[in-house]
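Per-entry structural report
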Amino acid sequence: MMQNNIFDEWFTEPRRYMLQENPFDVLSDRQFMGTYRLSKVLVDELTETVKPFMKASKALSVQRKVLTALRFYASGSYQQDIGEHRGAALSQASVSRCLTEVTEALNNYQIMNKYIHFPANMLELNIVRRGFYDKYSIPGIVGVVDGTHIAIVPPNSEDELYPEHIYVNRKGYHSINTQLICDSDLKILNVCCKFPGSVHDSHIWRLSLVQELLQHLHSIGQTSYFMLGDSGYGLRPWLMTPIYEPQENSSEARCNKWFCKTRSIIERCNGVLKMRFRCLLKHRVLHYSPPKAASIINACVTLHNICITNKLPLVNIDEREDIDLGIINDLPVNNNVNQINPELTAGKRFQKQIINRYFQ
């Protein structure tokens with residue numbers, strides 16, 4: 001009888017009305033950035049950017065929808081918790097609709113291409129190349145590539161398009177293996193989040209349009225452009241990887257030391273992305289289907305680039321060292337094989353030229 005009374009109270013509880021506050025008025029600039037990750041000015045600019053791609057609503061302004069979505073990206077909390085935040089004051093269903101609308105707008109090709117794009121011409125490519133040279137003193141680098149895993153809930157095991165088992169990565173949890181390519185300022189030049197967690201980083205790279213572009217440049221004689229990747233990638237003239245077990249104090253060892261220092265920029269980029277937009281952290285887990293989770297990843301990368309371009313600081317960010325940032329080191333590719341592989345041979349030759357020129 002007691003239990004029935006409890007259930008009766010649950011179902012007869014009067015509807016609660018939450019008072020929504022205007023965060024532009026009640027929050028300081030620092031508090032605002034800590035809550036929404038963007039500054040007040042940038043939120044206004046973002047609102048104007050997405051307006052043409054969102055449906056008008058009498059109940060909710062576009063700005064309020066944007067703030068609600070930003071709060072989700074920043075915290076990774078459940079939708080009900082976001083709705084009860086004083087800056088939103090919305091039902092869970094309304095939060096879900098806001099998140100969907102804003103995420104779809106940020107995934108519109110006109111917006112994504114504006115904020116996320118690999119250099120489209122030689123001038124842009126040389127600007128990125130110069131940025132790396134100014135910081136790391138060796139010419140030719142036009143990006144650093146790596147994969148990072150974004151945890152998701154297990155998809156339906158009976159789904160023909162997205163079967164559950166292919167999303168289990170080598171660490172045993174379900175994820176999307178997301179390829180990131182960044183420049184020397186931590187800006188993400190390219191993102192690919194359409195592959196499940198079981199896929200190897202090198203396979204994603206082989207199918208990448210960026211790989212095709214660099215390969216084409218080398219085929220027409222533009223051989224002074226290359227990227228850096230870890231030992232999970234195959235050595236090529238357009239993709240340099242570390243040297244396997246170099247002799248101590250050798251020129252190869254000095255090259256490796258420089259290589260690791262330079263390549264670490266992609267790890268910092270990944271860390272800044274996930275610490276700023278915590279919905280991407282492993283322990284948060286995106287509770288959505290793979291396609292929608294991928295759209296949220298794209299949206300966060302777009303916002304990350306807006307923050308980097310405008311040099312926004314990380315505010316109220318927990319920088320504990322034990323947070324899993326989703327970088328899983330795949331098994332190394334054997335670049336010391338003796339089989340006839342013209343691309344590998346050319347990659348070794350180019351690697352040797354770099355060692356002889358800069359590390360002797």
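Notes on the structure follow. All of these numbers come straight from a predicted model, not from anything done at the bench.

About the criteria used
Along each chain, residue indices are assigned from 1 in the same order as the chain's sequence is written. Reporting in this predicted model follows two pLDDT cut-offs: at least 70 for local features of residues, and 80 or more for side-chain atom pairs to be given and counted; totals over whole chains, interfaces and linings ignore these cut-offs and use all residues. With hydrogens and water stripped out, all remaining heavy atoms of the structure feed into the side-chain values. A run of H or I in DSSP becomes a helix once it reaches four residues, and a run of E becomes a strand once it reaches two; helices and strands are each numbered from the N terminus. Residue exposure (1.4 Å probe, protein chains only): buried if accessible area is under 20% of the type maximum, exposed if over 50%, otherwise partly exposed. Residue contacts follow a heavy-atom distance rule, with two residues in contact if any of their heavy atoms lie within 4.5 Å. Using a 1.4 Å probe, the Shrake-Rupley method yields the accessible areas, and only the shown protein chains count as cover for residues. As used in this record, nonpolar core signifies buried Ala, Val, Leu, Ile, Met, Phe, Trp, Tyr and Cys residues forming a set joined through side-chain atoms within 4.5 Å. The criterion for strand pairing is that DSSP finds at least two bridges linking the strands in question. Note on definitions: angles span 0 to 180 degrees between N-to-C directions of axes, and those axes are lines fitted to C-alpha atoms, for helices only across the stretch in contact. Note on terminology: angles under 35 degrees are roughly parallel, angles over 145 are roughly antiparallel, angles of 65 to 115 are roughly perpendicular, and the others are oblique. Here the nonpolar group is Ala, Val, Leu, Ile, Met, Phe, Trp, Tyr, Cys and Pro; Asp, Glu, Lys and Arg are the charged ones; every other residue, Gly included, is treated as polar. Pairing of aromatic rings covers Phe, Tyr and Trp, the last through its six-membered ring, and needs centres within 6.5 Å; plane angles under 30 degrees mean stacked, over 60 mean edge-to-face, and all others mean tilted.

Points about the overall build of the chain
Counting secondary structure elements, the chain contains 14 helices and 5 strands. By residue count, 51% of the 360 residues in the chain fall in the buried class. Summarising the internal contacts of the chain: among those between residues at least 6 apart in sequence, 70% fall at separations of at least 24. Carbon and sulfur atoms provide 51% of the accessible area of the chain, an area that totals close to 18,700 Å².

Considerations on the nonpolar core
Counting 93 residues, the largest nonpolar core has Leu38, Tyr73, Trp205 and Leu286 as the members making the most contacts within it. Among the elements that make up this core, the one with the highest residue count is helix α13 (residues 290-309) (11 residues). Beyond its immediate chain neighbours, meaning those up to four positions away, Leu38 contacts Phe32, Met33, Val43, Leu46, Leu70, Phe277, Leu303, Ile306, Cys307 and Leu312.

Topic: the sheet that holds strand β2 (residues 175-182)
Across the sheet, which stays open at both edges, the 5 strands sit in the order β3-β2-β1-β4-β5 with mixed pairing between neighbours. Of all strands in the sheet, those with a lone pairing partner are β3 (188-196) and β5 (239-240), marking the two edges.

Focus: the packing of helix α3 (residues 29-36) against helix α5 (residues 62-75)
If you want to describe how two helices pack, look at the angle between their axes and the distance between the axes. Two elements in contact, α3 and α5, have axes whose closest approach is 7 Å; the angle formed by their N-to-C orientations is 70 degrees. By the angle between their directions, the pair α3 and α5 is classed as roughly perpendicular. Counting all contacts with α3, which are made through Phe32, Gly34, Thr35 and Tyr36, the residues of α5 involved are Leu67, Leu70, Arg71 and Ala74. Split into classes, the residues belonging to the contact of α3 with α5 amount to 5 nonpolar, 2 polar and 1 charged.

A few points about the pairing of strand β1 (residues 141-151)
Extensive coverage of β1 is indicated by the burial of 11 of its 11 residues. As paired elements, β1 and β2 share 8 bridges and run antiparallel to each other. Bridge pairing links Thr148 to Thr178 in β2.

A short note on the packing of aromatic side chains
Tallied over the entire structure, the rule returns 8 aromatic pairs. Judged by centre distance (5.0 Å) and plane angle (50 degrees), the ring pair of Phe24 and Phe32 falls under tilted. Judged by its relative accessible area of 16%, Phe24 is buried. Between Phe72 and Tyr73, the aromatic rings sit 6.3 Å apart at their centres with planes inclined by 70 degrees, giving edge-to-face as the arrangement. Residue classification places Phe72 among the buried residues on the basis of a relative accessible area of 5%. Judged by relative accessible area, which is 0%, Tyr73 ranks as buried.

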